[in-house]
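Examination of the molecular architecture
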Number of protein chains: 2
Amino acid sequence: MEYSRIVLASRPEGRVSENNFRVESGILPRPAKGEVLARVLYLSLDPYMRGRMDAGKSYAPAVEIGETMEGRAVAEVLESNDPAFAPGDLVLGSFGWASHGVLPAAGLMRVDPDLAPPSTALGVLGMPGFTGWLGLEAFGRPQKGETLVVGAATGAVGSMVGQLARLRGLRAVGVAGGPEKCDFAVKELGFDACLDHRAAPDSATLRKQLAQACPDGVDVYFENVGDKTLEAVLPLMNVGGRIPVCGMIGWYDLGALGAGGGTGRNMLPLAWRTILVQRLAVQGFIITDHYHRFGEFLTEVAPLVRDGRIAWHEDVAEGLEAAPQAFMNLLAGRNFGKQIVKVAQ
Amino acid sequence: MEYSRIVLASRPEGRVSENNFRVESGILPRPAKGEVLARVLYLSLDPYMRGRMDAGKSYAPAVEIGETMEGRAVAEVLESNDPAFAPGDLVLGSFGWASHGVLPAAGLMRVDPDLAPPSTALGVLGMPGFTGWLGLEAFGRPQKGETLVVGAATGAVGSMVGQLARLRGLRAVGVAGGPEKCDFAVKELGFDACLDHRAAPDSATLRKQLAQACPDGVDVYFENVGDKTLEAVLPLMNVGGRIPVCGMIGWYDLGALGAGGGTGRNMLPLAWRTILVQRLAVQGFIITDHYHRFGEFLTEVAPLVRDGRIAWHEDVAEGLEAAPQAFMNLLAGRNFGKQIVKVAQ
């Protein structure tokens, strides 16, 4: 079967550009025994993909030049050579940036369209939502009455973290880029406050604004952005504070994470001193280590999503060819909510 | 009673100098009810005192200009107005940098001269030894067969950490300044290897040497130095590694911890990325939060010290007036073992 896919044409030097991608077409084989052929409906775009575009050691291997860009998608089964699935079933799997795929049935999860719209399996009820829930529960250890700060507050992870924190009786303060996102965070997601990092010329200004929004200091900083937000929050951390670290999108596209380190002042001594003086617990985590708790997440969060106590928002790009530009938007914070590519109806 | 003391004459700008201290004499009152008058035998010099010389927020208030420098000492009771102590008793208390002091009996701990030489109450069996034990046990979570790295390996904390790690079946690799210390760490303290950070021109060279000394990577990095050692160790951390943070002497005297941050490349993005990718647990701690476990420490470690399975080494300066220079030596790593000032016989 003929299909199209987007491959990694070259590795980015600094910021990602269109030239790093190439659309190709090819022929898919028929599914072998135990395999399934499916057509992709929704492709998920996530910040972690930026790491896969670079050579070198990360927590997962890099995408090779000429390989299909990695990614999870919700797809409809066209042909099944495994008793677990039948044509018409919806599945979640690692189809990559492609219109169709053939994958082992054992690597697919069934998507229940009666639970919620299928695309939510990529966002609020999928990996990003689970990342927010797990990081908060396991490493944020939220206590009623405490204050939490999270960046990318309207993003797929940040919006879950903030809303869960509110439900657990914490003060939730978000940081986001632009007044529309901040408005949305407060009015639709229920954050107690949300600060616009684009309106703050530097981390010192943002810190002053955060200090006003967090009169009792910060107990949990859920780290998914790094950069200016991290520098602004660190001096506000209370004794015994917790910092779950699941990402740092603010640094991904700047080359700051490469061997040369970032430019400017060395902030590591100050960060380390704060960790010592305030007795902070900083814990990195990768969500794929924790999927044994995915059922626990769904049990709690699916009803909250269904009855509207947890809101969600998607930014939908149309057509597979739109994926590169949508991904660049995501890295620049120009998306609004969970970034999806609608590959087919 | 006439006594002498060393006061903070001025706050250091950058490195500590003799001019920051002044010797004064004064008159001590007779001990009031519940108080004890004692003469200091041994004064402890510890890296944390550098933080007390600066104005501003730390985990304990700064020493004010004109006040006696803070410090713990072993002293002999001369006169007691409390039933808990009698003349001739040895006590541990916060006498500061002084020849004599009057303190409430409630704030003193008895020192048992039959347990070990009294000065060990300031080192291997005192706060520094306890810091090494607690940080390793509570936050290092050592597992047999793992690899541990600790800086200032012949110092009061580092030598405890390395020896305990060996006793628990870990590979213990030290970092220290100069070939004599490294020899001592391996031959007398039993480290599996010890690297001379002074012989390494930069952190990249030190990292290569550490990589050879730690063929299975690093599971626990006990942080008490920061700076070049931290930068060298971070890329070697294994998945699930732990970093207890009790100090960062390598940065204390460089101004790197002030509001301006350090100079040079910004190492925070790289450090943060390592925490994420390797799922590290970084935990700051202040030993005064943990004294409820001091008895547990003594129960385990005092017998190990007595039968020689944990060795210790002191660097003894003679006379109270020698304290400022000895303290500057400590900050520069020119001491060899636990730094003590012998104030009186």
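Residues numbered from 1 in each chain as written. Chains lettered and ligands numbered in written order. Predicted model: local features only at pLDDT ≥ 70, side-chain atom pairs only at ≥ 80, totals over all residues. Heavy atoms only, no water.

1. Looking at the pattern of salt bridges
Residues and elements named next belong to chain A.
- Applying the stated rule across the entire model yields 34 salt bridges over all chains.
- For R39, the salt bridge is made with E76, and the minimal N-O distance between the two is 3.0 Å. A residue pair is termed long-range when its members are at least 10 positions apart, and R39 in strand β3 (residues 35-44) and E76 in strand β4 (residues 73-80) qualify at 37 residues.
- In this structure R39 comes out as partly exposed when scored by relative accessible area, which is 24%.
- Through salt bridges with shared partners, a single ionic network connects R5, R22 and E24. (Salt bridge = Lys/Arg side-chain N within 4 Å of Asp/Glu carboxyl O. Helix = DSSP H or I, 4+ residues; strand = E, 2+ residues; numbered from the N terminus. Buried < 20%, exposed > 50% of the residue type's maximum accessible area, 1.4 Å probe, protein only.)

2. A short note on the domain arrangement of chain A
Residues and elements named next belong to chain A.
- Per the domain assignment, the segments of chain A are domain 1 (2-123 + 313-342) and domain 2 (127-288).
- Contacts between the two partners involve 21 residues from domain 1 and, on the opposite side, 14 residues from domain 2.
- Roughly 1,500 Å² is buried in total at the junction of domain 1 and domain 2, and carbon and sulfur atoms are behind 62% of that figure.
- Viewed at the interface, domain 2 and domain 1 are joined by 0 salt bridges.
- Here the side of domain 1 that touches domain 2 is composed, by residue class, of 10 nonpolar, 6 polar and 5 charged. (Domains from an automatic or database assignment. Contact = heavy atoms within 4.5 Å. Buried area = accessible area lost by both parts, 1.4 Å probe. Nonpolar A, V, L, I, M, F, W, Y, C, P; charged D, E, K, R; others polar.)

3. Here we look at the sheet that holds strand β9 (residues 171-176) of chain A
- Read from one edge to the other, the open sheet built from 12 strands follows the order β10(A)-β9(A)-β8(A)-β11(A)-β12(A)-β13(A)-β13(B)-β12(B)-β11(B)-β8(B)-β9(B)-β10(B), with strand pairing classed as mixed. Looking at which strands have only one partner, the edges of the open sheet turn out to be β10 (193-196) of chain A together with β10 (193-196) of chain B. Adjacent strand axes in the sheet meet at a mean angle of 15°, parallel and antiparallel pairs treated alike.
- In this structure, strand β8 (residues 147-150) of chain A lies alongside β9 of chain A, joined through 4 bridges in parallel fashion. Bridge pairing in β9 of chain A places T147 of chain A opposite R171 of chain A.
- Along the sheet, helix α4 (residues 179-187) of chain B makes contact with β9 (171-176) and β10 of chain B, crossing β10 of chain B at roughly 170°. (Pairing = 2+ DSSP bridges. Axes fitted to C-alpha atoms, helices over the stretch in contact; angles between N-to-C directions.)

4. What to know about helix α3 (residues 156-167) of chain A
All names here are of chain A.
- When the terminal C-alpha atoms of α3 are compared, their 17 Å separation across 12 residues agrees well with the 16 Å that a helix rising 1.5 Å per residue should span.
- Counting buried positions over the 12 residues of α3 gives 10, a clear majority of the element.
- Within the sequence span of α3, burial applies to A156, V157, G158, S159, M160, V161, G162, Q163, L164 and A165.
- If you follow the buried residues of α3, they end up packed against α2 (127-140), β8, β9, β11 (218-222), α9 (294-306) and β15 (338-342). (Expected span 1.5 Å × (residues − 1).)

5. As for the packing of aromatic side chains
Residue and element names in this part refer to chain A.
- Inspection of the entire model under this criterion finds 24 aromatic pairs over all chains.
- Taken together, a centroid distance of 5.4 Å and an interplanar angle of 45° make the contact between F130 and F297 tilted. Of the two residues, F130 is situated in helix α2 and F297 in helix α9; the sequence distance between them amounts to 167 residues. Both residues of the pair, F130 and F297, belong to the buried class. (Phe/Tyr/Trp six-rings, centres within 6.5 Å; stacked < 30°, edge-to-face > 60°.)

6. Considerations on the nonpolar core
- In this structure, W97, L210 and W272 of chain A together with W97, L210 and W272 of chain B are the most contacted members of the largest nonpolar core, which totals 214 residues.
- Sequence-distant contacts of W272 of chain B, that is, excluding residues within four places in its chain, are made with E223, L230, I243, V245, M248, W251, I275 and V282 of chain A.
- Residues L41, Y42, A121 and L122 of chain B belong to the second largest nonpolar core, which totals 9 residues. (Core = buried A, V, L, I, M, F, W, Y, C linked by side-chain atoms within 4.5 Å.)

7. Side note on α9 of chain A
All names here are of chain A.
- Over its 13 residues, α9 extends 17 Å from the first C-alpha to the last, a length consistent with the 18 Å expected when each residue adds 1.5 Å.
- Remark: the principal bend of α9, roughly 30°, maps to E300, with a proline, P303, within the next four residues.
- Residues of α9 that are buried make contact with β7 (109-110), α2 and α3.
- Following α9 by one or two positions, G308 adopts a phi angle in the positive range, close to 85°. (Bend = angle between axes of the 7 residues up to and from the residue.)

8. Section: the pairing of strand β13 (residues 281-284) of chain B
- Neither face of β13 of chain B is exposed, since A281 and Q283 of chain B on one face and V282 and G284 of chain B on the opposite face are all buried.
- Here 3 bridges tie strand β13 (residues 281-284) of chain A to β13 of chain B, and the two strands are oriented antiparallel to one another. Across the sheet, residue Q283 of chain A finds its bridge partner in β13 of chain B, namely A281 of chain B.
- Note that strand β12 (residues 237-245) of chain B and β13 of chain B share 4 bridges and pair parallel. Its bridge partner lying in β13 of chain B, R242 of chain B is registered against A281 of chain B.

9. A word on the packing of α2 of chain A against α3 of chain A
Residues and elements named next belong to chain A.
- Running from N to C, α2 and α3 point in directions that differ by 45°, and their axes come no closer than 8 Å. Put simply, α2 runs oblique to α3. Relative to α3, α2 is oriented so that their crossing is right-handed. In contact with P128, G129, T131, G132, W133 and L136 of α2, α3 contributes A156, V157, M160, V161, L164 and A165.
- Counted by class, the contact of α2 with α3 contains 9 nonpolar, 3 polar and no charged residues. (Parallel < 35°, antiparallel > 145°, perpendicular 65-115°, else oblique. Left-handed = near helix turned anticlockwise from the far one by under 90°.)

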